[in-house]
Structures are given as C-alpha cells and as structure tokens.
Amino acid sequence: ITEKEQIRISKFLSLVLRHQPELIGLQLNEQGWAHIETLLEKSAAYGVSFDKQTLKYLVATNSKKRFAFSPDAEYVRASQGHSVDIELGYKNQKPPEILYHGTAEKFMQSILETGLEKCRRQHVHLSSTIETAIHVGQRHGKPVVFTVLAQQMYANDFSFYLSDNGVWLTDHVPVIYLTIN
Ligand code: HQG
C-alpha cells in the first residue's frame, strides 16, 4: 500500500468515523464504535476498498493515533474530533496547570469576544504542548497559540477529558481563562 493510498484511506476513515457515517450507510453506536466487518463492506460498496489487515496497519501507524480498536477487536472508532453526536465515555479528570489551543490569527478577535467554542465539533480541543498547538493552528492559517488556565477552570467545576490519543477536551473556555501566548 502506497503512502498516498494510506493517506486517502485515513482521511476517508476520519470522514465516516467522525463526521458522516451516513455517507456510506454506516451506523456508529452510542460510543462512536463502528463494526469493523460492516465498515469494510460499506466502504468497498462506496468504492474505497481495504481489508482488515490494512485497517490494522493504518490504526497502528497513524501519525496522531486517531483511531482505536475496541478491547474485543470487533469495533473501531475515532478517539476524538467528532462532529456527530456520540458519547466517548472518557472520565472527567484533572488537567495539567496549563493547556494550549492553536488557532489562526483570523479567529483571534472572535475568540477574545466569546471564548473558545466547539464550533462544529463535540468539544474544544486543547494540546498539552505549544508545538502541537502550533501544528493544529497552522491547519487554519497563520497560527496563534492561546494559553488556557486549565487547572483553574477545573477548580471552578469545568470538566476535562483526555482522549485515548492524548488530546484534551472540554466544552467551552471562557475568555477569562485565556491569554495569548
Ligand atoms: C476556532 C485536528 C471563532 C478554533 C487537531 C478552531 C485537533 C473560534 C476552529 C482537532 C472560536 C475550529 C480539532 C470563536 C474556536 N470564534 N473561531 N469563538 N472558538 N474557534 O478544526 O481545534 O488532524 O473544529 O480555534 O489536531 O482546530 O483532525 O478545531 O481554529 O485535535 O486528527 O474554530 O482536529 O485533529 O476548527 O482541531 P476545528 P481544531 P485531526
């Protein structure tokens, strides 16, 4: 399998496991899991063919570990990044003192007015390092990084979740907890 093909299938998996399962007639369960055999069948019928071996390889080698298998290895899901309404089931836990959010300069003004919103996704995504935040921000334009006073938020009863692939998630970050890095 070529690298180009790997990227194509990974992007397709992000699309159907995070945003549009209905595109191929796939159903995710309440925790976002897709039955692997069904996923393979429906993908092939849609014109994106890959076997279980390839799926295992992609899940294992994915640069951001975006996908995970269920303990019984019958199901696969995206570990974060969803726009579809599912319940990932991560436990609320105490975050590090500081987390970072990378975004683009063009969103700065709006963020300083309303805080960080989840927009199309199910959560606001936060990074534990500035480097990662810069990468996330670059996807949208000239990057800027906000520092989030995560532990202060937690002390004030905001919930934080750590995804299986190390991304911190929360529902909303009010402006008072934000500074520009
Ligand atoms: C911005 C990638 C205006 C927010 C990454 C972001 C991440 C506001 C954009 C994951 C705003 C939404 C998520 C406000 C937030 N006004 N703009 N009040 N509040 N925004 O893509 O965090 O590669 O939905 O700053 O690594 O960029 O896909 O979120 O720029 O983990 O696996 O609205 O996606 O992972 O953009 O990225 P996104 P994100 P993957």
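Thresholds applied
- Residues numbered from 1 in each chain as written.
- Predicted model: local features only at pLDDT ≥ 70, side-chain atom pairs only at ≥ 80, totals over all residues.
- Heavy atoms only, no water.
- Pairing = 2+ DSSP bridges.
- Helix = DSSP H or I, 4+ residues; strand = E, 2+ residues; numbered from the N terminus.
- Core = buried A, V, L, I, M, F, W, Y, C linked by side-chain atoms within 4.5 Å.
- Buried < 20%, exposed > 50% of the residue type's maximum accessible area, 1.4 Å probe, protein only.
- Domains from an automatic or database assignment.
- Contact = heavy atoms within 4.5 Å.
- Arc of directions from axis to C-beta.

Enquirer: Explain the sheet that holds strand β5 (residues 124–126) here, please?
Expert: Working definition: the strands of a sheet are paired by backbone hydrogen bonds and lie parallel or antiparallel to each other. Pairing is antiparallel across the open sheet formed by 3 strands, whose spatial order is β5-β8-β7. Lying at the two open borders of the sheet, with one neighbouring strand each, are β5 and β7 (161–162). In this sheet, strand β8 (residues 168–170) lies alongside β7 in antiparallel orientation, the contact comprising 2 bridges. Paired with Leu162 across the strands is Trp168, a residue of β8.

Enquirer: Help me understand the nonpolar core, please; the structure alone is not making it clear to me.
Expert: The tendency in soluble globular proteins is for nonpolar side chains to be buried side by side. One finds Leu13, Leu17, Phe50 and Val76 to be the most contacted residues of the largest nonpolar core, which totals 27 residues. Contributing elements (two or more residues each) for this core: α1 (3–19), α2 (36–46), α3 (52–61) and β3 (75–78). Per-element tally for this core: the top contributor is α1, with 5 residues. Mapping this core onto the domain boundaries places at least three of its residues in each of domain 1 (3–78) and domain 2 (99–180). Here Val76 is in contact with Leu17, Gly32, Trp33, Ala34, Ile36, Leu39, Leu55, Val59, Phe67, Ala68 and Phe69, once residues within four sequence places are set aside. Leu116, Met153, Phe160 and Trp168 belong to the second largest nonpolar core, which has 14 residues in total.

Enquirer: How do you make sense of α3 when you look at a structure like this?
Expert: Helical geometry: 3.6 residues make up each α-helical turn, so side chains three or four residues apart lie on a common side. Regarding α3, the residues found buried are Thr54, Leu55, Leu58 and Val59. Taken down its axis, α3 places every buried residue within 135 degrees of arc, on the same side. Projecting away from the buried face of α3 at angles above 90 degrees are the exposed residues Gln53 and Lys56. Buried residues along α3 sit in contact with α1, α2, β2 (67–69) and β3.

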